[in-house]
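Close look at the chain arrangement
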Amino acid sequence: MGLETEDQIEVRDGVDRETIETVQAMAGKYKHGWETEIETEYAPKGLNEDIVRLISEKNGEPQWMLDWRLAAFARWQKMEEPRWAMLNYPEIDYQDQYYYAKPKSMDAKPKSLDEVDPKLLATYEKLGIPLKEQMLLAGVEGSDEPRKVAVDAVFDSVSVGTTFKEELRKAGVIFCSISEAIREYPDLVQKYLGSVVPQSDNFFATLNCAVFSDGSFVYIPEGTRCPMELSTYFRINAENTGQFERTLIVAEKGSYVSYLEGCTAPKRDTHQLHAAVVEIVILDDAEVKYSTVQNWYPGDEDGKGGIYNFVTKRADCRGARSKVMWTQVETGSAITWKYPSCILRGEESQGEFYSIAIANNAQQADTGTKMVHLGKNTKSRIVSKGISAGRAQNTYRGLVTMHPKALNSRNYTQCDSLLIGDKCGAHTVPYIEVKNNSSRVEHEATTSKVDDDQLFYCRSRGMDEEEAVALVVNGFCKEVLQALPMEFAMEAQSLVAISLEGSVG
Amino acid sequence: MLEIKNLHVKLEEDDKVILKGVDLTVEAGKVHAIMGPNGSGKSTLSYVLSGRDGYEVTDGSATLDGVELLEMEPEERAAAGLFLAFQYPVEIPGVGNMTFLRTAVNAQRKARGEAELSAGDFLKIVREKAKALKIDAEMMKRPVNVGFSGGEKKRNEILQMAMLEPKMCILDETDSGLDVDAMKLVADGVNALRSEGRAFLVITHYQRLLDHIKPDVVHIMADGRIIKTGGPELALEVENNGYANLLAEVQ
Ligand SMILES: Nc1ncnc2c1ncn2[C@@H]1O[C@H](COP(=O)(O)OP(=O)(O)OP(=O)(O)O)[C@@H](O)[C@H]1O
Ligand SMILES: [Mg+2]
C-alpha cells in the first residue's frame, strides 16, 4: 500500500490499519475452511503395530528408527491420557481414525517443487501464504524481494517440498523434511531426536513418537547466522485423519535462526487430532526464535468439529549463554493443550515466551509455558495475553522452577486476561518452585473486561463496534504482536480480529 | 444545525432523571456556550447526543441538520458530523495515537462513501495539525492518552477534532486542566476551525476560555434545564456573581 514510513512505529501503525481493512473485507469467519479435492492414499483405519511399521516403511526408514517407534508404541499402550487440564471433551477413540494420509500424486516422489502436483501447489497459494512466499515456494526467486523465507510445506502426513534448500545448503544450513533427514542425515537425527522430549514424556508425545509421519528438520552449523527465515506450513486436508508432525531444530554454537510455523485445516463436522512434537537444541551462544500462528479450524459456534491440538514443544538451552524465544498466537483449534517450554541448562541461558491465546464461541484453551532453570544466572520472561469471548474457556498454566544450582536466576511473568461478554471464563494457574535463595521470581496477573468507555470512545470517533473491539484487543496484545516477525505480525493482527468476529453486539 | 427539543433523559438502571426538558438550537457558523453548576447535566447532554450507553431518552428529540440523532449508533452520529471532545478523554493501552486517528479518519470517510486517505497524505496532514497544537511526534507514537498529562489529553482531543473536521463540535470542559499557553493553543485550534458550515457548543465553567473563543450565545443550565439564554455578557455575569441570582430568578 505504498507506505511512506519514516520509522518502525509508523510501519506498525500501517499494519494496524491493514488489519482493520482485512477484517472488514472478510465476510466469513474461518477463511481456510475449504478442502482440496485430491486423491488420497490412507493407511488402514486404527492404530496397531502394523500401522507403525507401515508408516516407517512408507518413509523408507532405517531399522533403528522403526525400533524407536515400536518402543514408543509399546510404552504408549500402557499410558493414560492426561486429564489435569481445564478442558472438557468427549473420550477420543484412537482406533476410529487414520494415522497416515498422503496425496497419491506424492507417490512419484517429486524431486523438486516443479514436479509437484499443481493442485497441491495451488492449495498453498489459496491458503493466503503471501505471494512472495508462494513464489519462493514455487522455487522462483524474486530478485527484488528484500527478505526470503524458506518453506517446508507439509500436507496431511507428508512434506510436499522445501524451498531454498540449495541456497541454504551453501551456507551449511540443512532444512528439509524430517523423513528426508532420517534417511540423509541419520547420525544427526539419531543424536538429537528424543533428547529434548523423551519418548516417555507424556501421552501425546509418546503417541507422536510412534506414529509421526513428517515434519521439518533444521540444522544450523557453528557460527552460522541462517541467511533467511525458515518456515513450515502445516495443512490437514484429509478427513478423519490425525496429523502427527515432528520438528527437530539444532542450533550449533554461536548460530542463529528464526523459524516460523503456520497451520490450517478445512471445516469438518468431526473433531480431528493433531499431536505434534517440537524439539529444539541450542548450544553455546546460539539463539533460536520460534514463532507460531496457530489457526487450525476452531469448530463452529456450537462446538461442532474443530481440531484437538495436543502439542509438546520444548527447547533445551544446553549451551552457556544460549537463548530461545517462543512466540505464539493461538487462535484456532477446538481444544488447545500446549506448553512450549524452556530448559535453561546452560549458564546465563535465557528463555522467553510470548503468547496470545484467543478462545471464542465454544473453544477451550489450556496453554502456557514451563521455565525450568537449571543453570546459574539464567533468565526467563513470560508474557501471556489471554482473550476469551463467547462461551470459551481460556486457561494460562505456567510453571517456573529454580533448581538448587540455578543460583542468581530470574523470572518475570506477566499474565493478562481479557474477557469479552459475560459467558466466558479466564483462569490463571501459575506453579512456582524456588529451591535456592539467590533467585527471584516475579509474577503479575490481571483480568479485565473490554472496557465500555474505550469502545464508546472509539465509536464516537466513527469506528463501528467490531472495529473498535479489534483495535482495543490488538492494543491489549501489542507487546506480543511486536515480538513476531513482520509478515507474521500482519497475519496475526488480522487473525486476532477475525477470531473475535461475532463476539460483540 | 443542532436542534434539541424538550429532551428528557433518565439513567437506564435507576430512576434518576437528569435532563428535564432541554431546548436548545445551535445555528450553523455559531458558537454557543453552556455554563452551569456542577452536576446540572452538561456532560450528560453531550453524552446523550453522541450516543453513550446507560441513558434512556424518555421524551424529546435531537436533530442534526434535520436528521434525528437519537436513533443512530455512535459511529453513525460521528459520520454525520458530530464530535465530542470528552471532559475525561479515555486511555487505550497499546493502540498508537497515530493508528487510532487514522482508523477514525478512514472509518468516517468510508462511512460517507469517500476514498480513504493514503498513509502518506494522512501523515502529512497530521504532522501539520499536530505541530499547530504543539503535539510532538513522540506523543503521536504513544498509546492513546496513556500517560498523557491533563493538558496533553485535551490538546489531543482538539487534534482529533481538527482531523475529523466535524460540522457540530461539542467541547466538554476542554479548558479545564489547561495552562494559560495551552488554553491559547486550544482556542486558536478552535478558532481556526470556525466557519460558515460549522457550529460549536462549548461547555465551560470559566470566562477565560470565552475570552479567546468569543461565543455568540451563552446558555445557563441548571438542574437539567436551560434556565437562561443570553449574549456573551451572561458569561461575565456568572464570572462575577456566580449562579445564585440566576437560580433565584427561576424560582
Ligand atoms: N451514570 C451515572 N450514574 C449516576 N449518576 C449519574 C450518572 N451520570 C450522571 N449522573 C448524575 O447526573 C448529574 C449530572 O451529571 P453531569 O456529569 O451531566 O453534570 P455536569 O453538569 O457535567 O457537571 P460538571 O460541571 O461537574 O462536569 C450528576 O448529579 C451526576 O452525578
Ligand atoms: Mg461535566
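Fair warning: this is a prediction, and the values are worked out from it, not measured in the lab. (Residues numbered from 1 in each chain as written. Chains lettered and ligands numbered in written order. Predicted model: local features only at pLDDT ≥ 70, side-chain atom pairs only at ≥ 80, totals over all residues. Heavy atoms only, no water.)

**Describing the confidence of the model for chain A**
All names here are of chain A. Inclusion rule: On a scale of 0 to 100, pLDDT captures the predictor's confidence in every residue. In this description a helix means any DSSP run of H or I spanning at least four residues, a strand means any run of E spanning at least two, and both kinds are numbered starting from the N terminus. Any pair of residues with heavy atoms lying within 4.5 Å of one another is described as a contacting pair.
When pLDDT is averaged across chain A, the result is 85; 89% of the residues are at 70 or more. Here helix α5 (residues 131-137) stands out as the element of chain A with the lowest mean pLDDT, 40, in contrast to strand β11 (residues 277-282), whose mean of 98 is the highest. Counting contacts from residues 1-28, a segment whose pLDDT is below 50, to residues more than four positions away or on other chains yields 62 contacts. Within the model, pLDDT remains below 50 along residues 130-145, and this stretch shows 23 contacts once partners closer than five positions in the same chain are excluded.

**Notes on the sheet that holds strand β10 (residues 199-203) of chain B**
Residues and elements named next belong to chain B. Let me state the cut-off plainly: For two strands to pair, DSSP has to find at least two bridges joining them. Lines are fitted to the C-alpha atoms to define the axes, a helix being fitted only along its stretch in contact, and any angle between axes, read from their N-to-C directions, falls within 0 to 180 degrees.
Across the sheet, six strands lie side by side as β6-β9-β10-β3-β11-β12; this open sheet has mixed pairing. Whereas interior strands pair on both sides, the edge strands pair on one side only; in this sheet they are β6 (82-85) and β12 (225-230). Adjacent strand axes in the sheet meet at a mean angle of 20 degrees when their direction is disregarded. Summarising the sheet, strand β9 (residues 168-172) and β10 pair through five bridges and their orientation is parallel. Among the inter-strand pairings, Asp172 is bridged to a residue of β10, identified as Ile203. Contacts from helix α6 (residues 150-164) reach β6, β9 and β10 within the one sheet, and its direction differs from that of β6 by about 165 degrees.

**Things to note about the coordination of the magnesium ion (ligand 2)**
Around a metal, the ideal angle is 109.5 degrees if four donors adopt a tetrahedral arrangement and 90 or 180 degrees if six donors adopt an octahedral arrangement. Residues and elements named next belong to chain B. Condition: Donors, by definition, are the N, O and S atoms found within 2.8 Å of a metal, the threshold being 3.2 Å for Na, K and Ca, and water is not counted, so a site can look incomplete. Each residue's exposure class comes from its accessible area (1.4 Å probe, protein chains only) as a fraction of the maximum for that residue type: buried when under 20%, exposed when over 50%, partly exposed otherwise.
Each protein donor to the magnesium ion (ligand 2) is listed here as Ser43 (OG) and Gln87 (OE1); together their distances run 2.0 to 2.2 Å. Separated by 44 residues along the polypeptide, Ser43 in helix α1 (residues 42-50) and Gln87 in the loop between β6 and β7 (92-96) bring together distant segments of the chain. Here Ser43 and Gln87 have matching classes, each one buried.

**Some details on the sheet that holds strand β2 (residues 17-26) of chain B**
Within a beta sheet, neighbouring strands are joined by backbone hydrogen bonds and run either parallel or antiparallel to one another. All names here are of chain B. Strand order in the open sheet formed by four strands is β2-β1-β4-β5, with antiparallel pairing between adjacent strands. The open sheet terminates on both sides in strands that have one partner only, identified here as β2 and β5 (67-68). Note: strand β4 (residues 55-64) against β5, two bridges, orientation antiparallel. Paired with Leu64 across the strands is Val67, a residue of β5. Packed onto the sheet, α1 meets β1 (2-11), β2 and β4 and runs at close to 105 degrees relative to β1.

**What to know about unusual backbone geometry**
The phi angle at A:Asn408 is positive, at roughly 55 degrees, despite the residue not being glycine. Along the chain, the position of A:Asn408 falls in the loop between β20 (393-402) and β21 (410-419). Residue class for A:Asn408 comes out partly exposed when judged on its relative accessible area of 42%. Although it is not a glycine, B:Asp223 sits at a positive phi angle of roughly 45 degrees. Following the sequence through the fold, B:Asp223 ends up in the loop between β11 (217-222) and β12.

**Brief notes about the interface of chain A and chain B**
We count it as follows: Accessible-area loss on putting two parts together, using a 1.4 Å probe and summing over both, is the definition of buried area adopted here. Should a side-chain nitrogen of Lys or Arg be within 4 Å of a carboxyl oxygen of Asp or Glu, the pair is scored as a salt bridge. Polar contact is the term for a pair of N or O atoms within 3.5 Å; when the atoms are in protein, one must be able to donate a hydrogen and the other to accept it, and sequence-neighboring residues count only if both atoms are side-chain atoms.
Taken together, the contacts link 31 residues of chain A with 41 residues of chain B. Interface area, chain A with chain B, both sides summed: about 3000 Å², of which 59% is carbon and sulfur. At the boundary of chain A and chain B, one finds four salt bridges. Its salt-bridge partner being B:Glu73, residue A:Arg459 comes within 2.6 Å of it at the nearest N-O pair. One can count 11 residue pairs in polar contact (both at pLDDT 80 or more) joining chain A with chain B. Elements supplying a minimum of two residues to the side of chain A that touches chain B: α1 (8-25), α10 (452-460) and α11 (465-481) of chain A. Take the side of chain A that touches chain B: its biggest share by element is nine residues, from α1(A).

**Considering the environment of A:Ile182**
Residues and elements named next belong to chain A. Along the polypeptide, Ile182 turns up in helix α7 (residues 178-184). On the basis of relative accessibility, which here comes to 0%, the residue Ile182 falls in the buried class. Note: C-alpha distance between Ile182 and Leu193 (11 residues apart in sequence) is 9.9 Å. The residues contacting Ile182, other than those within four sequence positions of it, are Glu61, Pro62, Trp64, Met65, Val189 and Phe212.

**Observations regarding the packing of aromatic side chains**
To be explicit about the condition: Between 30 and 60 degrees the pair is tilted, below 30 it is stacked and above 60 it is edge-to-face, where a pair is any two Phe, Tyr or Trp rings, Trp via its six-membered ring, whose centres lie within 6.5 Å.
Enumeration over the complete set of coordinates arrives at 24 aromatic pairs over all chains. Measuring from centroid to centroid gives 6.3 Å for A:Phe456 and B:Tyr47, while their planes differ by 75 degrees, and the two rings are edge-to-face. Linking A:Phe456 in helix α10 with B:Tyr47 in helix α1, this pair reaches from one chain into another. The pair formed by A:Phe456 and B:Tyr47 is uniform in burial state, with each residue classed as buried. Taken together, the ring pairs connect A:Phe73, A:Trp76, A:Trp84, A:Tyr89, A:Tyr94, A:Phe203, A:Phe204, A:Tyr308, A:Phe310, A:Trp337 and A:Tyr339 into an aromatic cluster.

**Quick notes on the site of ligand 1**
Residues and elements named next belong to chain B. Here is the rule: The near set for a molecule or strand comprises every residue that places at least one heavy atom within 4 Å of it. Shrake-Rupley sampling with a 1.4 Å probe provides the accessible areas, and residues are treated as covered by the protein chains on show and by no other component. For this classification, the nonpolar set comprises Ala, Val, Leu, Ile, Met, Phe, Trp, Tyr, Cys and Pro, the charged set comprises Asp, Glu, Lys and Arg, and every other residue, Gly included, is treated as polar.
The environment of ligand 1 is made up of 13 residues, and the closest members are Gly39, Lys42, Ser43, Thr44 and His205. Residue Gln87 places a side-chain N or O atom 3.2 Å away from an oxygen atom belonging to ligand 1. Here an oxygen atom of ligand 1 and a side-chain polar atom of His205 are 2.9 Å apart. With the chains in place, 63% of the 630 Å² that ligand 1 exposes on its own is no longer accessible. The class makeup of the residues in the shell around ligand 1 is two nonpolar, eight polar and three charged.

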